[in-house]
Amino acid sequence: MSFREKSNWVLLAITVIVYGLYFNITIAGALANGVPEVADNARLFGAVFLMVVLTIAAHILMAIVFRQDADEVDERDRVIELRGDQRGGLLTAVGLFSVLGLAL
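Predicted, not measured: the structure shown is a model, and the values here were computed from it.

## Here's the deal with the overall build of the chain
The helix and strand inventory of the chain stands at four helices and zero strands. Listing every helix and strand of the chain by position from the N terminus yields α-α-α-α. Computed over the C-alpha atoms, the radius of gyration of the chain is 17 Å, more than 25% above the 13 Å expected from 2.2 N^0.38 for a compact globule of 104 residues. Within the chain, contacts between residues separated by at least 24 positions form 88% of all contacts whose residues are at least 6 apart in sequence. About 8,100 Å² of surface is accessible on the chain, with carbon and sulfur atoms providing 70% of the total. Averaged over its 8 positive side-chain charges, the chain has a centre that lies 3 Å from the centre of its 11 negative ones.

## Examining the pattern of salt bridges
Enumeration according to the criterion identifies one salt bridge in this entry. Taking the shortest distance from any N to any O, the salt bridge between Glu 75 and Arg 78 comes out at 3.9 Å. Residue Glu 75 and its partner Arg 78 are located together in helix H4 (residues 75-103), separated by three residues, close to a single helical turn.

## Some remarks on the environment of Gly 88
Structurally, Gly 88 can be placed in helix H4. Residue classification places Gly 88 among the partly exposed residues on the basis of a relative accessible area of 30%. For the pair formed by Gly 88 and Gly 34, sequence separation is 54 residues and the distance between their alpha carbons is 31 Å.

What counts and what doesn't
Residues numbered from 1 in each chain as written. Predicted model: local features only at pLDDT ≥ 70, side-chain atom pairs only at ≥ 80, totals over all residues. Heavy atoms only, no water. Helix = DSSP H or I, 4+ residues; strand = E, 2+ residues; numbered from the N terminus. Rg over C-alpha atoms; globule rule 2.2 N^0.38 Å. Contact = heavy atoms within 4.5 Å. Areas by Shrake-Rupley, 256 points an atom, 1.4 Å probe, with all protein chains shown as cover. Lys, Arg positive; Asp, Glu negative; His and termini not counted. Charge placed at Lys NZ, Arg CZ, Asp CG, Glu CD. Salt bridge = Lys/Arg side-chain N within 4 Å of Asp/Glu carboxyl O. Buried < 20%, exposed > 50% of the residue type's maximum accessible area, 1.4 Å probe, protein only.

What follows is the structure, given as structure tokens:
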């Protein structure tokens, strides 16, 4: 497995864990106490900050552990990165339209 593929898997895992916890806590709070009158943006900003910190730390750790793989780039790596970007864009678009749908 190439370095970029490992990087995409780590990003996927971090995204699923952080936002899974965020949505779990947010939905559980909304079900228990009802929807708050004022939006609680601190929890969302905390989730984004946690994701950025975990991503940076994971990539630093990966660069140390897989030092020999970090410099190699070939056609497969470019395709893997393209597919990762496509999936990320799709997920972002679905999330955006979901939020717009909830706002309506």
